[in-house]
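Structural overview for review
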Amino acid sequence: MSLAVEHLHKSFGGLRVVEDVTFATDPQAITGLIGPNGAGKSTLFALITGYQRPDSGSVRFGATSMRGLSASARARHGVARTFQIPRPFRHLSVRQNLMAAGPRQPGEHPFNLLFRRHAVARRERELEQRADAMLAFLGLEAVTHALSGTLSGGQLKLLELGRALMTEPRYILLDEPFAGVNPVLIEQIAARIRTLAARGTGFLIVEHNLPALAALACHLLVMDRGRLIAAGSPDTVLADRAVQDAYIGGAA
Amino acid sequence: MLGYLEAVGTVGGIYALLALALNLQYGFTGLINFGVVGFFAIGAYTSALLAMQGGPFLLDIAAAAILAAIFSWPLGLICLRLRDDYLAIVTLAFAEIVRTVIVSEEWLTSGTRGIPGIPRPFAGLPAGTAAVAYLGLVLATVVVTAVLMRYLVHSPFGRMIQAIRDDEDAVPALGKNPASFKLVVFSFGAALTGIAGALYAHYLTYISPDQFVPLLTFYIWMAVIMGGAGRLGGAIAGAALLTVFLEGTRFLRDLIPFVSEVQMASLRLAVIGLLLILFTLYCPQGLLGRRIA
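Residues numbered from 1 in each chain as written. Chains lettered and ligands numbered in written order. Predicted model: local features only at pLDDT ≥ 70, side-chain atom pairs only at ≥ 80, totals over all residues.

Focus: the overall build of chain A
Summing up its helical and strand segments, chain A has ten helices and ten strands in all. Computed over the C-alpha atoms, the radius of gyration of chain A is 19 Å, within 12% of the 18 Å expected from 2.2 N^0.38 for a compact globule of 252 residues. The principal-axis extent of the C-alpha atoms belonging to chain A is close to 60 × 40 × 35 Å. Evaluated residue by residue, chain A yields a buried proportion of 45% over its 252 residues. Within chain A, contacts between residues separated by at least 24 positions form 67% of all contacts whose residues are at least 6 apart in sequence. (Helix = DSSP H or I, 4+ residues; strand = E, 2+ residues; numbered from the N terminus. Rg over C-alpha atoms; globule rule 2.2 N^0.38 Å. Buried ≥ 20, exposed ≤ 12 C-beta atoms within 10 Å, placed from the backbone. Contact = placed C-beta atoms within 7 Å.)

Brief notes about the interface of chain B and chain A
Of the residues lining the interface, 20 residues belong to chain B; the matching set on chain A comes to 29 residues. By residue number, the principal contributor to the side of chain B that touches chain A is helix H7 (residues 156-167) of chain B, which donates eight residues. For the side of chain B that touches chain A, the per-class residue count stands at ten nonpolar, four polar and six charged. (Nonpolar A, V, L, I, M, F, W, Y, C, P; charged D, E, K, R; others polar.)

Some words on the sheet that holds strand E9 (residues 219-224) of chain A
Residue and element names in this part refer to chain A. The strand order E6-E7-E8-E3-E9-E10 describes an open sheet built from six strands, whose pairing is mixed. Both edges of this open sheet fall to strand E6 (79-81) and strand E10 (227-232), since each of them pairs with a single strand only. Adjacent strand axes in the sheet meet at a mean angle of 15 degrees, parallel and antiparallel pairs treated alike. Relative to strand E7 (residues 171-175), E6 runs parallel, the two being bridged by three bridges. Counterpart to alanine 80 in the pairing with E7 is isoleucine 172. (Pairing = 2+ DSSP bridges. Axes fitted to C-alpha atoms, helices over the stretch in contact; angles between N-to-C directions.)

Some thoughts on the sheet that holds strand E5 (residues 64-65) of chain A
All names here are of chain A. Spatially, the four strands line up as an open sheet ordered E2-E1-E4-E5, and their pairing is antiparallel. At either end of the open sheet lies a strand with only one pairing partner, and these are strand E2 (15-24) and E5. Looking at chain direction, strand E1 (residues 3-12) and strand E4 (residues 56-61) are connected through five bridges and run antiparallel. In the sheet register, leucine 3 faces E4, and the bridge partner there is phenylalanine 61. Along the sheet face, helix H1 (residues 41-49) touches E1, E2 and E4 and points at about 65 degrees away from the line of E2.

Quick notes on unusual backbone geometry
One non-glycine residue, arginine 104 of chain A, adopts positive backbone phi at about 60 degrees. Position of arginine 104 of chain A relative to the elements: it lies in the loop between helix H3 (94-100) and helix H4 (110-115). Residue class for arginine 104 of chain A comes out exposed when judged on the 11 C-beta atoms lying within 10 Å of it. A positive phi is found at phenylalanine 122 of chain B, a non-glycine position, where the angle reads about 65 degrees. Tracing the sequence through the fold places phenylalanine 122 of chain B in the loop between helix H5 (106-109) and helix H6 (127-153). Under the C-beta neighbour-count criterion, phenylalanine 122 of chain B is labelled partly exposed, with 16 such atoms within 10 Å.

Structural notes on the packing of helix H1 (residues 2-28) of chain B against helix H10 (residues 234-248) of chain B
Residue and element names in this part refer to chain B. At a closest axis distance of 8 Å, the pairing of H1 and H10 adopts a crossing angle of 135 degrees. Taken together, the axis directions place H1 and H10 in an arrangement best described as oblique. Crossing of H1 against H10: the hand is right-handed. For the pair formed by H1 and H10, the contact residues are Val8, Val11, Gly12, Tyr15, Ala16, Ala19, Leu20, Asn23 and Gly27 on the first element and Gly234, Ala235, Ile236, Gly238, Ala239, Ala240, Leu242, Thr243 and Glu247 on the second. Here the contact of H1 with H10 is built from residues that sort into eleven nonpolar, six polar and one charged. (Parallel < 35°, antiparallel > 145°, perpendicular 65-115°, else oblique. Left-handed = near helix turned anticlockwise from the far one by under 90°.)

Topic: the environment of proline 106 of chain A
Residues and elements named next belong to chain A. Relative to the elements of secondary structure, proline 106 occurs in the loop between H3 and H4. Among the residues examined, proline 106 registers 18 C-beta atoms within 10 Å and is labelled partly exposed. It is 7.2 Å that separates the C-alpha atoms of proline 106 and alanine 119, two residues lying 13 residues apart in sequence. If near-sequence neighbours (up to four positions away) are discounted, proline 106 is found in contact with Asn112, Arg116, Ala119, Val120 and Arg123.

Remarks on the nonpolar core
Residues and elements named next belong to chain B. Among the nonpolar cores identified, the biggest contains 163 residues, and Leu18, Ala19 and Ala223 are the most heavily contacted of them. Top contributing element to this core by residue count: helix H8 (residues 178-204), with 16 residues. With near-sequence residues (within four places) excluded, alanine 19 lies in contact with Ile220, Ala223, Val224, Gly227, Ala235, Gly238 and Ala239. (Core = buried A, V, L, I, M, F, W, Y, C linked by C-beta atoms within 7 Å.)

A short note on H1 of chain B
Residues and elements named next belong to chain B. The terminal C-alpha atoms of H1, which comprises 27 residues, lie 36 Å apart, in line with the 39 Å expected from a rise of 1.5 Å per residue. The sharpest bend along H1 comes to roughly 30 degrees, located at leucine 22. Of all 27 residues making up H1, 19 are buried, and the element is well covered by its neighbours. Positioned one or two residues after H1, glycine 30 has a phi angle of 80 degrees, which is positive. (Expected span 1.5 Å × (residues − 1). Bend = angle between axes of the 7 residues up to and from the residue.)

Details of the pairing of E4 of chain A
Residues and elements named next belong to chain A. As paired strands, E4 and E5 are joined by two bridges and run antiparallel to one another. Its bridge partner being in E5, arginine 60 is matched across the sheet by serine 65. The hairpin turn running from E4 into E5, its antiparallel successor, is two residues long, and glycine 62 in that turn takes a positive phi close to 55 degrees.

Some words on helix H4 (residues 84-104) of chain B
All names here are of chain B. Over its 21 residues, H4 runs 31 Å from end to end, which matches the ideal 30 Å to within 8%, given 1.5 Å per residue. Within H4, burial applies to Leu87, Thr91, Phe94, Ala95, Val98 and Ile102. Relative to the axis of H4, the buried residues are bounded by an arc of 100 degrees and lie together on one face. Residues of H4 that are exposed and point over 90 degrees away from its buried face: Asp85, Ile97 and Thr100. Here the buried face of H4 lies against helix H2 (36-52), helix H3 (57-79), H5 and helix H9 (214-227). (Arc of directions from axis to C-beta.)

Section: the confidence of the model for chain A
Taken residue by residue, chain A gives an average pLDDT of 92. The fraction at 70 or more is 98%. Mean pLDDT values over the elements of chain A span from 72, in helix H10 (residues 241-251) of chain A, up to 98, in H3 of chain A. (pLDDT = per-residue confidence, 0-100.)

Things to note about the pairing of E7 of chain A
Residues and elements named next belong to chain A. Taking burial as the measure, the five residues of E7 include five buried ones, the bulk of the element. Where E7 lies against strand E8 (residues 202-206), five bridges are found, and the strand directions are parallel. Bridge pairing in E8 links leucine 174 to isoleucine 205. Of the crossover connections in this fold, the one passing from E7 over helix H7 (residues 183-198) to the parallel E8 is right-handed. (Right-handed = clockwise from strand over helix to strand, strands pointing away.)

Below you can see the structure in the form of structure tokens.
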């Protein structure tokens, strides 16, 4: 699925955090989003996923406009996201965290708990199997039954990714998926992302690990102070003088 | 002495029902309901007024549950989209409004004079047996509620409300709307609180507004916290401990000479307060360990 953003604006008080951002992604292309801290990347994520309302501008996934849709409604349309700082349900087990993300569980309505017990139980078994397959992929089998609040930072990043994948998304926004994850696992996750992308799932990835991102994304967007300042293939974008200035300026 | 224990058991059982409801709301879902006594009063008055018109016991109880839930609905609609602290403020105010309305709407509630002569079920039984039967009814209600609660908490619904408690902002990203889950929990807890109110009215056979003061809300909060918020058995263990604190201090009279009755009443409250402080100081996780950070 493709994502199209047009003339998106957002200010907090007098501060313009996202200013006239317009871009469109190709289906099956993995798009990277980079920029110095405070460039507005996370706010852009929030605007796209419905966590914040834009002052103006529009967001479309495929042919569907997201105007006026809540964050949960957008997620039901197949738009998943992860958070820069993981947000585990820390008193639930790792497996329960994943199962909570599964769609179409009738047992989330108390009425069905009484009157559709078989359908609830059947869906619960399906979700359990999917959760276990996800845990195997992420290499988290050993902590299946551990409370998620006890995981390390890198494990939480993986759980965050797993939870997003459990929602059966058609477009996924990842906020720093590789931060704190060991290099071997980064390769595995990247391979999984490529597979999903080849099957038509769209990806927009914010990541400060530029080599890993450049190896994965075929298209990079660069933000600085709320604006898109460059877009193109990783090679050309990373060689761009303005991009280097923005990054060095942001780091200083 | 036996009659006294029956009375303590019955009131303790009603506290346990209130604590089970609050534990579902706060312990499992993170809803800060400071208006427990408001829903308790709605249940008590609904049931009492219906009974005075000759309504059968079970109908009174059902009406108490339904009316308490109906009152909770608009409160929930307004507050549950906002942050937790708003619900705390609004429910606290709501409970006081309920009490004020009961005091002032004399045509309906008899105001401060209260409602005497509420029929108690099992009245046909011999004197001793009736009290035991009522105690049995209350305890059976506690057991059934606890079993239902266990089923609910371990269901997919229970998983989502605990997810909401742990990190509400992460839930919309999973395609689920926290407000709708919170609304169900809030009304369900209110209905249960209403049932407890009905059982209370039919037990005491007399209710008046000064029985429905905010102090009760905070006793129930203490029960949930002492038992272990977010633990299934916590509400019941906490209510039992609360009852021991509240009733045990009655025997201070035997230990402390040379104080007047009025001084004794104040002293008793001070001792209850001291016990609660000491308990939270030395057992902050509650009897069963709390589940909420």
